[in-house]
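Examining the three-dimensional arrangement
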Amino acid sequence: MTANPGAGRWLVTGAAGMLGQDVLAASKDAGIEAAGLRRADLDITDPAAVRAAVEGVAVVVNCAAWTDVDGAETAEEAATAVNGTGVRVLAAACADAGARLLHVSTDYVLPGRAAQPYPEDAETGPVNAYGRSKLVGERAVAELLPQDGYIVRTAWLYGEHGANFVATMLKLAAQRDTLDVVDDQHGQPTWSRALARHLVGLGLAALAGEAPGGIYHGTASGRTTWMGLAREAYRLSGLDPERIRPTTSEAFVRPAVRPAFSVLAHDRWEEAGMAPLADWREQLAEALATPAFTALAAAARDGRAG
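We now turn to the structure provided with this report. (Residues numbered from 1 in each chain as written. Predicted model: local features only at pLDDT ≥ 70, side-chain atom pairs only at ≥ 80, totals over all residues. Heavy atoms only, no water.)

With respect to the helices, strands and loops of the structure, Thr219 is situated in the loop between strand E10 (214-217) and strand E11 (224-225). Residue class for Thr219 comes out buried when judged on its relative accessible area of 0%. A polar contact of 2.9 Å, which involves the side chain of Thr219, links it to the side chain of Gln188. One polar contact links Thr219 to His266, side chain to side chain, over a distance of 2.8 Å. Apart from the residues within four sequence positions on either side, Thr219 is in contact with Arg153, Thr154, Ala155, Gln188, Thr190, Leu264, His266 and Leu277. (Helix = DSSP H or I, 4+ residues; strand = E, 2+ residues; numbered from the N terminus. Buried < 20%, exposed > 50% of the residue type's maximum accessible area, 1.4 Å probe, protein only. Polar contact = N/O pair within 3.5 Å; in protein donor to acceptor, adjacent residues only side chain to side chain. Contact = heavy atoms within 4.5 Å.)

So this is what it looks like as structure tokens:
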């Protein structure tokens, strides 16, 4: 690893999460001096603490978030405190410190009823409390950091360091002969490590004056359904994909409504001189070749619940 002193110091909030850990690793690979703060280290709703943390920092990557989508339905105020108020506090501190803010948001700010990929300037319209809370954060970044704020929407995230759909499907393969998975929700499965690399690249482009602020869609290229993702994960893991059976969202009623269509367009990456993230199948194949996922796949083939 070669040091990159021109990048300055970076701060990653939510550093204990799946994406936060990958951003720290990607920063290290890029030779960037990055500090990671967990929720226990930094309350992003505390203005004084946030100002102190951001002082002297060139780039803040905000991975801190309330992520319990169903829980937000009965605790919207608490979710908005983190996803909205906390983001406003971060944005204000970055504005005062002259730092760039890369804020991770979600497809859930969109209504999910389109037939074509949502462009970055699509009209928002959340269908659940979680989406509403995240939209509050997006608006705060756009208001307080019109040039130096970068809103990166992602979706269907999976990775090594946290609970996620791909890992769950592999674990269940060791316990059940068949699984019913919804086939009427469309999206772009995104590997957290691939997104982390893009966030680091975007931060460097921002510092170089090569990337305009605003909204970017940080999802994999292509599209599939949850059933399609599960079947491809099984196929790549040496499991029979026909063990995954299609069903509808009506069969899995949950407290929070899920968007039926979460496919996002990626045109703005060209403005930053970067290609969009790779196709979801390519990302999945690379992810499943990593030790954490190969171990899950081996246990699934052996019929061992892990």
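On we go.
Now for the sheet that holds strand E5 (residues 149-154). Spatially, six strands are ordered E2-E1-E3-E4-E5-E10 in an open sheet, and the strand pairing comes out parallel. Here the strands that pair on one side only, and so sit at the sheet edges, are strand E2 (33-37) and E10. On average, adjacent strands in this sheet sit at an angle of 20° to one another, irrespective of strand direction. (Pairing = 2+ DSSP bridges. Axes fitted to C-alpha atoms, helices over the stretch in contact; angles between N-to-C directions.)

On to the nonpolar core, then. Counting residues in each nonpolar core, the largest one holds 58 residues, and the members touching the most others are Val61, Val166, Leu199, Leu202 and Phe293. Of all the elements, helix H6 (residues 192-207) adds the most residues to this core, at eight residues. If near-sequence neighbours (up to four positions away) are discounted, Val166 is found in contact with Tyr158, Leu229, Ala233, Leu284, Leu288 and Phe293. If you look at the next biggest cluster of nonpolar residues, it comprises 20 residues, including Leu11, Val50, Val57 and Ala64. (Core = buried A, V, L, I, M, F, W, Y, C linked by side-chain atoms within 4.5 Å.)

Take the packing of aromatic side chains next. Geometrically, a pair of aromatic rings is defined through the distance of the ring centres and the angle of the planes. Applying the stated criterion to the full structure yields seven aromatic pairs. Ring geometry for Tyr108 and Tyr130: centres 5.6 Å apart, planes at 80°, overall edge-to-face. Remark: Tyr130 occurs in helix H4 (residues 129-144) and Tyr108 occurs in the loop between strand E4 (100-106) and H4; sequence separation between them is 22 residues. For Tyr108, a relative accessible area of 14% puts it in the buried group. Note on Tyr130: relative accessible area 9%, which makes it buried. Judged by centre distance (3.7 Å) and plane angle (15°), the rings of Trp156 and Trp226 are stacked. (Phe/Tyr/Trp six-rings, centres within 6.5 Å; stacked < 30°, edge-to-face > 60°.)

For the rest of this paragraph, the subject is helix H1 (residues 18-29). Spanning twelve residues, H1 covers 17 Å between terminal C-alpha atoms, matching the ideal 16 Å at 1.5 Å per step. Close packing links the buried residues of H1 with strand E1 (9-13), E2, strand E3 (59-62), E4, strand E6 (157-158) and H6. Just beyond H1, the residue with positive phi is Gly31, at close to 75°. (Expected span 1.5 Å × (residues − 1).)

Tallied over the full model, the rule gives 14 salt bridges. Between Arg254 and Asp70 there is a salt bridge; the shortest N-O distance is 3.4 Å. Highlighted residues: Arg254 in the loop between strand E12 (244-247) and helix H8 (280-288) and Asp70 in the loop between E3 and helix H3 (76-97), separated in sequence by 184 residues. A salt bridge links Arg132 to Glu76, with the shortest nitrogen-to-oxygen separation between them at 2.9 Å. (Salt bridge = Lys/Arg side-chain N within 4 Å of Asp/Glu carboxyl O.)

Inspection of the entire model under this criterion finds zero disulfides. Summary of cysteine pairing: Cys63 is not part of a disulfide, and the nearest cysteine sulfur, belonging to Cys94, is at 13 Å. The exposure class of Cys63 is buried, given its relative accessible area of 16%. For Cys94, a relative accessible area of 0% puts it in the buried group. (Disulfide = S-S within 2.5 Å.)

All right, on to the environment of Leu284 then. Note that Leu284 resides in helix H8. Between the C-alpha atom of Leu284 and that of Glu232, which follows or precedes it by 52 residues, the distance is 8.3 Å. Filtering out sequence-adjacent residues up to four positions away, Leu284 remains in contact with Tyr158, Val166, Leu229, Glu232, Ala233 and Leu236.

Moving on, we come to the packing of helix H5 (residues 165-173) against helix H7 (residues 226-236). Their axes nearest at 10 Å, the elements H5 and H7 cross at an angle of 60°. As the angle between them shows, H5 and H7 are arranged oblique. Relative to H7, the crossing made by H5 is right-handed. Across from Phe165, Val166, Met169, Leu170, Leu172 and Ala173 in H5, the residues of H7 making contact are Trp226, Leu229, Ala230, Ala233 and Tyr234. For the contact of H5 with H7, a count of residues per class yields eleven nonpolar, no polar and no charged. (Parallel < 35°, antiparallel > 145°, perpendicular 65-115°, else oblique. Left-handed = near helix turned anticlockwise from the far one by under 90°. Nonpolar A, V, L, I, M, F, W, Y, C, P; charged D, E, K, R; others polar.)

Among the seven residues in E4, six count as buried, and that is most of the element. Relative to E4, E3 runs parallel, the two being bridged by four bridges. For Asn62, the partnering residue across the bridge sits in E4 and is His103. With H3 bridging E3 and the parallel E4, this β-α-β connection has right-handed handedness. Pairing of E4 with E5 involves six bridges; the strand directions are parallel. Among the inter-strand pairings, Thr106 is bridged to a residue of E5, identified as Thr154. Once you follow E4 into H4 and on to E5, the crossover reads as right-handed. (Right-handed = clockwise from strand over helix to strand, strands pointing away.)

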